[in-house]
Amino acid sequence: MYLKIISIKNVHDEQEGDLSIFEGSGRDLPFDIKRIYYIHHVPVGTVRGGHAHKHLTQLLWCPYGSITILLDDGSEKAEVQLNDPTKGLIVEHAMWREMRWEQEGSVLCVAASEFYDESDYIRDYAAFQAYVKQQAKLP
Ligand code: TYD
């Protein structure tokens with residue numbers, strides 16, 4: 001599976017630490033950001049997610065801690081470790097994802113291409129597989 005991993009720009013200072021930044025609108029991200037959310041205070045070992053989106057594209061990054069992202073496009077599976085604040089993972093639509101918390105205090109940040117819309121979610125794995133098959137048949 002082709003993984004879209006980006007390196008987030010980082011300004012490092014030996015005394016004062018690091019400042020990381022990404023810009024939207026075709027600069028660092030292939031989409032305009034309409035929504036940002038973050039997931040925190042998650043007990044270690046918890047697996048969240050378990051859904052795909054019909055249209056949404058997202059950038060995931062972990063500013064603190066370690067989180068495993070499990071991806072499944074309906075035919076292939078992949079795992080990405082987010083444990084570096086300058087590493088970003090772009091997750092396109094039609095991608096089943098789960099996120100496993102590996103370290104206490106880990107924070108998962110998400111920048112999304114669309115406003116929240118529950119009707120964009122596919123929360124049932126069999127429905128996701130059917131959706132991917134149906135999309136593959138479209139011209
Ligand atoms: P969900 O996307 O299912 O989280 P996760 O994949 O991490 O388990 O969202 C959890 C709950 O939060 C669900 O009830 C929907 C709600 N929610 C919003 O109201 N707005 C949002 O922007 C998001 C992402 C979730």
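Since the structure is predicted, the reported quantities are computational estimates derived from the model, not experimental observations.

Time to look at the environment of P43. Tracing the chain through its elements places P43 in the loop between strand 4 (35–39) and strand 5 (47–53). P43 gets classed as exposed once you look at its relative accessible area, which sits at 54%. In sequence terms P43 and F115 are 72 residues apart; their C-alpha atoms lie 27 Å from each other.

Strand order in this open sheet of 5 strands is 1-9-6-11-4, and the pairing throughout is antiparallel. A strand with exactly one partner marks an edge of an open sheet, and here the two such strands are strand 1 (4–7) and strand 4. Direction aside, neighbouring strands of the sheet carry axes that sit 25 degrees apart on average. Taken together, the 4 bridges between strand 1 and strand 9 (residues 87–91) define a ladder with antiparallel strand orientation. When the bridges of strand 9 are listed, K4 appears paired with I90.

Turning to its location among the elements, S113 is positioned in the loop between strand 11 (107–112) and strand 12 (121–122). In contact with S113, other than residues within four places in its own chain, are F31, D32, K34, L56 and T57.

Glancing now at the sheet that holds strand 5. Ordered in space as 8-7-10-5-12, the 5 strands form an open sheet in which the pairing is antiparallel. Bordering the open sheet on either side are strand 8 (77–82) and strand 12, each of which pairs with just one other strand. In the sheet, strand 7 (residues 67–72) pairs with strand 10 (residues 96–101) via 6 bridges, with the strands oriented antiparallel. From the neighbouring strand, I69 faces strand 10, where its bridge partner is M99.

Nonpolar side chains collect at one region of the surface, where V11, L19 and I21 lie side by side and expose about 270 Å² of accessible area between them. Positionally, V11 belongs in strand 2 (residues 9–13).

Tallied over the full model, the rule gives 5 aromatic pairs. Pairing F22 with W61 gives two aromatic rings, centres 4.8 Å apart and planes at 85 degrees, and the pair type is edge-to-face. With a gap of 39 residues between them, F22 in the loop between strand 3 (17–21) and strand 4 and W61 in strand 6 (residues 58–64) connect regions that are remote in the sequence. Ring geometry for W96 against F128: centres 5.6 Å apart, planes inclined by 40 degrees, an arrangement best described as tilted. With W96 in strand 10 and F128 in helix 1 (residues 125–137), the pair connects residues that are 32 residues apart, well separated along the chain. Given a relative accessible area of 0%, F128 falls into the buried group. Cluster of aromatic residues (ring-pair linked, three or more members): W96, Y125 and F128.

About the criteria used
- Residues numbered from 1 in each chain as written.
- Predicted model: local features only at pLDDT ≥ 70, side-chain atom pairs only at ≥ 80, totals over all residues.
- Heavy atoms only, no water.
- Helix = DSSP H or I, 4+ residues; strand = E, 2+ residues; numbered from the N terminus.
- Buried < 20%, exposed > 50% of the residue type's maximum accessible area, 1.4 Å probe, protein only.
- Pairing = 2+ DSSP bridges.
- Axes fitted to C-alpha atoms, helices over the stretch in contact; angles between N-to-C directions.
- Contact = heavy atoms within 4.5 Å.
- Patch = residues over 30% accessible without salt bridge, like charges linked within 9 Å, V, L, I, M, F, W, Y side chains within 5 Å.
- Areas by Shrake-Rupley, 256 points an atom, 1.4 Å probe, with all protein chains shown as cover.
- Salt bridge = Lys/Arg side-chain N within 4 Å of Asp/Glu carboxyl O.
- Phe/Tyr/Trp six-rings, centres within 6.5 Å; stacked < 30°, edge-to-face > 60°.

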